[in-house]
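# Structure assessment
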Amino acid sequence: MVYVFLALVYALFNAVYLEYNSNKHFNAYVLGIWRGFGIAILVLPFAFLISFDLSVAYFMVLILQGILIGIYDSHLFFASSKYGSKSCAGFMATSVLVTAFMWWGIEYDEFVKLLDNTPKFLNTIFVLSGFSVCYWQMMKVHLSKKAESYLYPAVFALSLMSIATRYIALHGGEALHGVIYYLIVSCFVSGVYSLVCFILSKFKNKKELFFAPLKHASFVWLIFFSFVVIVSKTLAFRIAPNPVKVMAMLLLTPLFAELINHHKITITVEKVCVVMFLILLLFED
């Protein structure tokens, strides 16, 4: 169950990262530029320790991952600023179910094996649905159709990212190698994606926006938090039984955010149910 600890670190630092950004109010594209290029440059010296003799398929997944990072981050951060981070986080609970069905579509043999065991299949659907519904209630989701349509790309991007991360982690050779490939290639691509979007955007005062993270050395913290998030999640996806379990753990981020902001977590029926269904999901065979 080492992956549970890694997934907890993933959720915790994701909360720190999101809360830090919510206080600084960085432009989502600017954030992607600094984080993507910053991490890639920071980790680049480690490239000499590994071989970049990668298959075309593996390299394409790394590139796809970078694009997905850019899509997910920009949509989630812009939506959070406009519609509220809590509601957006609650809506993202649907990514657990989307990830499950995507995973079963890719690992079809695993899905067929699950279907052959009807009680287990029904139990899995019950646990996943129960977790998502309780999480939705816990976050008190109230979004307009416009907001939902804007967040759908983030939901599907996050689901695809989880599956791509598992592929990167498992097919990169040693665990450390997969992490380095991710940090250099995927992060660099995410930086390029954000840079292109930023150039094409119609924001005023672009120069001021671009250099905003430089104030008070904010970019250093952004890179550090992101670095920990990526390393922990890549290792978690590598050793977890399937990506759905790690995705569910990620949704503990709002609870960690509450703990960071208020130094306590208010106990509610919905939160207890979320934790209960999460435990059932984690210990499910």
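A brief structural summary. Quick caveat, the model's predicted, so the values are computed rather than measured.

### Re the overall build of the protein
Helix and strand counts for the protein come out as 14 helices and zero strands. Starting at the N terminus, the α and β elements of the protein follow one another as α-α-α-α-α-α-α-α-α-α-α-α-α-α. For 285 residues, the compact-globule estimate of 2.2 N^0.38 gives 19 Å, and the C-alpha radius of gyration of the protein, at 19 Å, lies within 12% of that figure. For the protein, the proportion of its 285 residues judged to be buried stands at 53%.

### A closer look at the nonpolar core
Ranked by size, the top nonpolar core spans 77 residues in total, and within it Tyr72, Phe131, Tyr135 and Val246 carry the most contacts. For this core, the element with the highest residue contribution is helix 8 (residues 145–170), accounting for nine residues. If you look at the next biggest cluster of nonpolar residues, it comprises eight residues, including Tyr17, Tyr20, Leu222 and Phe225.

### Examining a nonpolar patch on the surface
A surface patch of nonpolar side chains, amounting to about 530 Å² of accessible area, comprises Phe188, Val192, Leu195, Val196, Ile199 and Leu200. Tracing the backbone through its elements, the reader meets valine 192 in helix 9 (residues 175–200).

### Side note on empty space enclosed by the protein
Where empty space is left can be seen by rolling a probe of water-molecule size over the atoms. As enumerated under the stated definition, the model contains three cavities of 30 Å³ or more in all. By volume, the largest cavity is sized at about 230 Å³. In this structure, the largest cavity is lined by 21 residues; those nearest its centre are Asn14, Arg35, Tyr72, Asp73 and Val229. If you list the elements that add at least two residues to the lining of the largest cavity, you get helix 1 (2–24), helix 2 (28–43), helix 3 (56–83), helix 8, helix 9 and helix 11 (218–239). It is helix 3 that contributes the most residues to the lining of the largest cavity, five residues altogether.

### Examining unusual backbone geometry
Excluding glycine, residues mostly have negative phi values, and the peptide bonds linking residues are mostly trans. The backbone phi angle of asparagine 205 is positive, close to 55°, even though this residue is not glycine. Mapped onto the fold, asparagine 205 is located in the loop between helix 9 and helix 10 (206–210).

### Some thoughts on the pattern of salt bridges
As enumerated under the stated definition, the model contains two salt bridges in all. Note that arginine 35 is salt-bridged to aspartate 73, the shortest N-O span being 1.8 Å. Taken together, the positions of arginine 35 in helix 2 and aspartate 73 in helix 3 put the pair 38 residues apart, joining distant regions of the chain. Glutamate 258 is the salt-bridge partner of lysine 271, the closest N and O atoms lying 2.7 Å from each other. Of the two residues, lysine 271 sits in helix 14 (residues 269–282) while glutamate 258 sits in helix 13 (residues 253–262), which places them 13 residues apart along the sequence.

### Notes on the packing of aromatic side chains
With the rule as written, the count across this model stands at 20 aromatic pairs. Judged by centre distance (6.3 Å) and plane angle (35°), the ring pair of phenylalanine 198 and phenylalanine 210 falls under tilted. Placement of phenylalanine 198 in helix 9 and of phenylalanine 210 in helix 10 is noted, with a sequence separation of 12 residues between them. Looking at phenylalanine 198, the relative accessible area reads 5%, which means it is buried. With relative accessibility at 25%, the residue phenylalanine 210 sits in the partly exposed group.

### Concerning the side chain of serine 95
Assignment of secondary structure puts serine 95 in helix 5 (residues 94–106). Look past the residues within four positions of serine 95 in its chain and what remains in contact with it is Val155, Leu158, Ser159 and Met247.

### Considerations on helix 2
Its 16 residues place the ends of helix 2 22 Å apart at the C-alpha level, agreeing with the 22 Å of an ideal helix rising 1.5 Å per residue. Capping the start of helix 2, asparagine 27 holds a side-chain oxygen 2.8 Å from the backbone nitrogen of tyrosine 29, two or three residues further along.

### So, the side chain of serine 194
Mapped onto the fold, serine 194 is located in helix 9. Overall, serine 194 belongs to the buried group, its relative accessible area being 4%. What serine 194 contacts, discounting residues up to four positions off in sequence, is Tyr29, Gly32 and Ile33.

### A word on the environment of tryptophan 34
Relative to the elements of secondary structure, tryptophan 34 occurs in helix 2. C-alpha separation for the pair tryptophan 34 and phenylalanine 210, spaced 176 residues apart in sequence, amounts to 8.7 Å. Contact partners of tryptophan 34, with chain neighbours within four places excluded, come to Ile39, Phe210, Pro213, Leu214, Phe219 and Ile223. In this structure the side chain of tryptophan 34 is engaged in a polar contact, spanning 2.7 Å, whose partner is the backbone oxygen of phenylalanine 210.

The rules behind the values
- Residues numbered from 1 in each chain as written.
- Predicted model: local features only at pLDDT ≥ 70, side-chain atom pairs only at ≥ 80, totals over all residues.
- Heavy atoms only, no water.
- Helix = DSSP H or I, 4+ residues; strand = E, 2+ residues; numbered from the N terminus.
- Rg over C-alpha atoms; globule rule 2.2 N^0.38 Å.
- Buried < 20%, exposed > 50% of the residue type's maximum accessible area, 1.4 Å probe, protein only.
- Core = buried A, V, L, I, M, F, W, Y, C linked by side-chain atoms within 4.5 Å.
- Patch = residues over 30% accessible without salt bridge, like charges linked within 9 Å, V, L, I, M, F, W, Y side chains within 5 Å.
- Areas by Shrake-Rupley, 256 points an atom, 1.4 Å probe, with all protein chains shown as cover.
- Salt bridge = Lys/Arg side-chain N within 4 Å of Asp/Glu carboxyl O.
- 1 Å grid on protein atoms, 1.4 Å probe; cavity = no way out; pocket = protein on both sides within 12 Å on 5 of 7 lines; lining within 4 Å.
- Points joined across faces, edges and corners; volume = space filled by probe spheres on them.
- Phe/Tyr/Trp six-rings, centres within 6.5 Å; stacked < 30°, edge-to-face > 60°.
- Contact = heavy atoms within 4.5 Å.
- Expected span 1.5 Å × (residues − 1).
- Polar contact = N/O pair within 3.5 Å; in protein donor to acceptor, adjacent residues only side chain to side chain.

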